[in-house]
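Architecture and fold: a report
Read off the chains here:
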Amino acid sequence: MKQALDLYGTLLRVAIAGNIQYRAAGMVWMLGMVIEPVIYLVVWSAVADSRGESVAGYDARDFAAYYLTFFVLHHLTFTWIMEVFQYRVQQGSLSFELLRPIHPIYADIADNVAYKLVMLVVMIPAAVVIALAFEPRFQPVGWSLALLPIAVVLAFFTRFFLEWGLAMSAFWTTRTTAVNRTYYSIYLFLSGRAAPIALLPAWLSGVAEHLPFYAMIGFPVELALGKLSPERALSGLGVQLVWTLFALGFVAMVWRRAVRRFSAVGG
Amino acid sequence: MNALRLLWVFARVGAMGELAYRANFWLQLLESFLAMGSTLGVVAVVVSQTDSLHGWQPAELVAVVGVYFAILGTINLVIAPSLSQFMQDVREGTLDFTLTKPEDAQLLVSVSNVHVFKLIDVVFGLAVLALATARLGTEVGPVQALAFASALLLGAAIVYSFWIALATMAFWFIRLENVLMIFWMVYGAGRWPLGIYPDWMRWGLTLLVPVAFAVTVPAEALTGRLDAATLGGAALVASFALAGSRLFWRRGLRQYSGASA
């Protein structure tokens, strides 16, 4: 246990230093992550305004709360591994990581956490600006907020493992763009990013509720807003747990097959 | 004329280069299809909840998406790849080779790299635009068609000036990729008519990044929303932008010291 803590301590220190060094690139990313939810927020507020009434229980200020929470929780749970993994395989830098006595996924987790810690400096002001500009209405529910940390942790690991596993498609095809784009297109609708899933056609939102995309972000957001009944909150946590375990098994299985295929030219 | 001839030459060279990697065509087709599909999908979800978004009918929203993709494709077809090449040339000093050629340097760096497969986005955009126009049912008379064509051209000119001005900064700053990333992120706002955004965002989307002129104004022309004053304004902005970016380019070029010696 102590060894594991030491390991993470060191990895985290290295990762924080790296993220501070490349802060400009990190800030540009942050800007993108602010703009996208704001666009959807504006669109849905316009829908609520055009109808002159709330849309599936959301009026303009509820949408503001939804997308502000989405922005914050997305920051906490997102990964960029699918964007970068193919370069590790193509350029062979994975060879170095394989030489280390620990699985490369540990360093990635540390890097992810470090980026998020460093970017809090930008994220908090951004969240304040969104809040001032769009006046969200929060009606938090105590028990639901109490469950939120568990939901966020499960969401983080579901997403991390699943995307790490999918990123390894780079071992079989060196151009992973097709896989990534397909994944993000599905994610856009089924996660609650383009719209809260309650606004999708009924059959689709029924399916989406049980898929990992919603478990990764839509569910924690709705939990934070107190939109869910106790039964739905519990079943949502159950779905998250199932997907976390599934994703863990998935990443382990793919990794075993993938490293056997890997043959890089030494650097 | 000379510009078109040069563009044609570089397009042929670009086509020869890309046709060597034909699998990329299918990849690009899938990418464009997914991008267009998800954008239209979001529009579909939105119009399932309301008949009109700030007065824009569903077919008109689809028309905006069409214009958005047509302009996006044009930027990716020639402007973005050429100017990225240019920025790399400044960094590495290989711009020297361009400057020795007996053609206007700004013209050369603007068309030097053509990614022909990006035409797919342009084709998709125009097809969606055509379908949306057909659905609108309103007669698109010669006046409207002319207004649309000129708005589109003016928008393209403004976007081009914006890019050349950004790229010119490469003479002073080494790394600009991040600035270009910002352009792309903000450009995404153009998928929707500008009227839905709050005032402060609308100003940013008109002045800081010319999304308004590139996408919304042409779409307004097609849907009969455009008044002569706005079109005149666009023409004025376009002339200022072209002239200003030209001056800025000349100023930047004097800064360039080359890599020789």
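First things first, this report covers the structure right here in the doc. (Residues numbered from 1 in each chain as written. Chains lettered and ligands numbered in written order. Predicted model: local features only at pLDDT ≥ 70, side-chain atom pairs only at ≥ 80, totals over all residues. Heavy atoms only, no water.)

Now for the overall build of chain A. Each helix and strand in chain A was counted, giving 11 helices and 0 strands. Scanning chain A from its N terminus toward the C terminus, one meets helices and strands in the order α-α-α-α-α-α-α-α-α-α-α. Computed over C-alpha atoms, the radius of gyration of chain A comes to 19 Å, within 12% of the 18 Å expected from 2.2 N^0.38 for 267 residues, which places it in the range of a compact globule. Each of the three principal axes of chain A carries a C-alpha extent, and together these read 65 × 40 × 40 Å. Looking at chain A alone, contacts between residues at least 24 apart form 82% of all its contacts between residues at least 6 apart. If you sum the accessible surface of chain A, you get close to 12400 Å²; carbon and sulfur atoms cover 67% of it. Distance between charge centres in chain A, computed from 19 positive and 15 negative side chains, equals 11 Å. (Helix = DSSP H or I, 4+ residues; strand = E, 2+ residues; numbered from the N terminus. Rg over C-alpha atoms; globule rule 2.2 N^0.38 Å. Contact = heavy atoms within 4.5 Å. Areas by Shrake-Rupley, 256 points an atom, 1.4 Å probe, with all protein chains shown as cover. Lys, Arg positive; Asp, Glu negative; His and termini not counted. Charge placed at Lys NZ, Arg CZ, Asp CG, Glu CD.)

With that settled, the discussion passes to the layout of surface pockets. If you roll a probe as big as a water molecule over the atoms, it shows you where there is empty space left. Residues and elements named next belong to chain A. Roughly 820 Å³ of internal volume is contained in the second largest pocket. What lines the second largest pocket is a set of 23 residues, and nearest its centre among them are N19, W80, R88, D108 and D111. Mapped onto the lining of the second largest pocket, the elements with two or more residues apiece are α1 (2-21), α2 (23-51), α4 (81-90) and α6 (104-134). By residue class, the composition of the lining of the second largest pocket is 12 nonpolar, 5 polar and 6 charged. (1 Å grid on protein atoms, 1.4 Å probe; cavity = no way out; pocket = protein on both sides within 12 Å on 5 of 7 lines; lining within 4 Å. Points joined across faces, edges and corners; volume = space filled by probe spheres on them. Nonpolar A, V, L, I, M, F, W, Y, C, P; charged D, E, K, R; others polar.)

Turning next to the packing of aromatic side chains. All names here are of chain B. The final tally for this structure, using the stated rule, is 40 aromatic pairs over all chains. Measuring from centroid to centroid gives 5.1 Å for F25 and W26, while their planes differ by 80°, and the two rings are edge-to-face. By relative accessible area, which is 29% here, F25 ends up partly exposed. Consider the rings of F183 and W184, whose centres lie 5.2 Å apart with planes at 75°: the pair is edge-to-face. (Phe/Tyr/Trp six-rings, centres within 6.5 Å; stacked < 30°, edge-to-face > 60°. Buried < 20%, exposed > 50% of the residue type's maximum accessible area, 1.4 Å probe, protein only.)

Taken together, the contacts link 29 residues of chain B with 32 residues of chain A. Roughly 2500 Å² of surface becomes buried between chain B and chain A when both sides are summed, with 76% attributable to carbon and sulfur atoms. Among the residues chain B hides against chain A, the three largest losses belong to V45(B), Q49(B) and M185(B). Together they make up 22% of the total. Run the count over chain B and chain A and you get 1 salt bridge. A salt bridge links E31(B) to R181(A); its shortest N-O distance comes to 3.2 Å. (Buried area = accessible area lost by both parts, 1.4 Å probe. Salt bridge = Lys/Arg side-chain N within 4 Å of Asp/Glu carboxyl O.)

The subject of this paragraph is the nonpolar core. One broad rule of soluble globular proteins: the nonpolar side chains tend to lie buried together. W44(A), F71(A), F86(B), W163(B), W192(B) and Y197(B) are the most contacted members of the largest nonpolar core, which totals 166 residues. With 18 residues, helix α3 (residues 58-92) of chain B is the single largest residue contributor to this core. Among residues more than four places away in sequence, those in contact with W192(B) are I39(A), V43(A), V42(B), V43(B), V46(B), L53(B), V64(B), Y197(B) and T216(B). (Core = buried A, V, L, I, M, F, W, Y, C linked by side-chain atoms within 4.5 Å.)

Residue and element names in this part refer to chain B. By secondary structure assignment, the location of T223 is in the loop between α10 (211-222) and α11 (228-255). A distance of 2.9 Å separates the side chain of T223 from the backbone oxygen of A219, its partner in a polar contact. If we ignore the near neighbours within four places in the chain, the residues touching T223 are W56, E60, L136 and Q144. (Polar contact = N/O pair within 3.5 Å; in protein donor to acceptor, adjacent residues only side chain to side chain.)

A side chain of one charge can pair with a side chain of the opposite charge if their charged atoms are brought near each other. All names here are of chain A. Counted under the stated rule, the structure contains 10 salt bridges over all chains. When the shortest N-O distance is used, the salt bridge between R88 and D108 registers 2.9 Å. You can see R88 sitting in helix α4 and its partner D108 sitting in helix α6, a full 20 residues away along the chain. By relative accessible area, which is 13% here, R88 ends up buried. With relative accessibility at 11%, the residue D108 sits in the buried group. Here the salt bridges share partners, and the residues they tie into one network are D59, D62 and R137.

Mapped onto the elements, Q49(B) comes out in the loop between α2 (23-47) and α3. Taking the C-alpha atoms as reference points, Q49(B) and G188(B), separated by 139 residues in sequence, lie 22 Å from one another. Residues contacting Q49(B), with those up to four places away along its chain left out, are W44(A), V47(A), R51(A), V55(A) and L199(A). From its side chain, Q49(B) meets the backbone oxygen of L199(A) in a polar contact 3.1 Å long.

What follows concerns empty space enclosed by the protein. Residues and elements named next belong to chain A. Inspection of every chain in the model, using the stated rule, returns 3 cavities of 30 Å³ or more. In this structure, the largest cavity is lined by M33, E36, P37, Y40, Y67, F70, F71, H74 and R193. Counting only elements with at least two residues in the lining of the largest cavity, the list comes to α2 and α3 (60-77). Of the residues contributing to the lining of the largest cavity, the split by class is 6 nonpolar, 1 polar and 2 charged.

Another aspect to go through is the packing of α3(B) against α10(B). Residues and elements named next belong to chain B. In contact at an axis separation of 9 Å, α3 and α10 are set at 140° when each is read in the N-to-C sense. In this view, α3 runs oblique relative to α10, as classed from their interaxial angle. Every pair of crossing elements has a handedness; the one defined by α3 and α10 is right-handed. Along its contact with α3, which presents V64, V67, Y68 and I71, the element α10 presents A214, V215, P218 and A219. Here the residues of the contact of α3 with α10 sort into 8 nonpolar, no polar and no charged. (Axes fitted to C-alpha atoms, helices over the stretch in contact; angles between N-to-C directions. Parallel < 35°, antiparallel > 145°, perpendicular 65-115°, else oblique. Left-handed = near helix turned anticlockwise from the far one by under 90°.)

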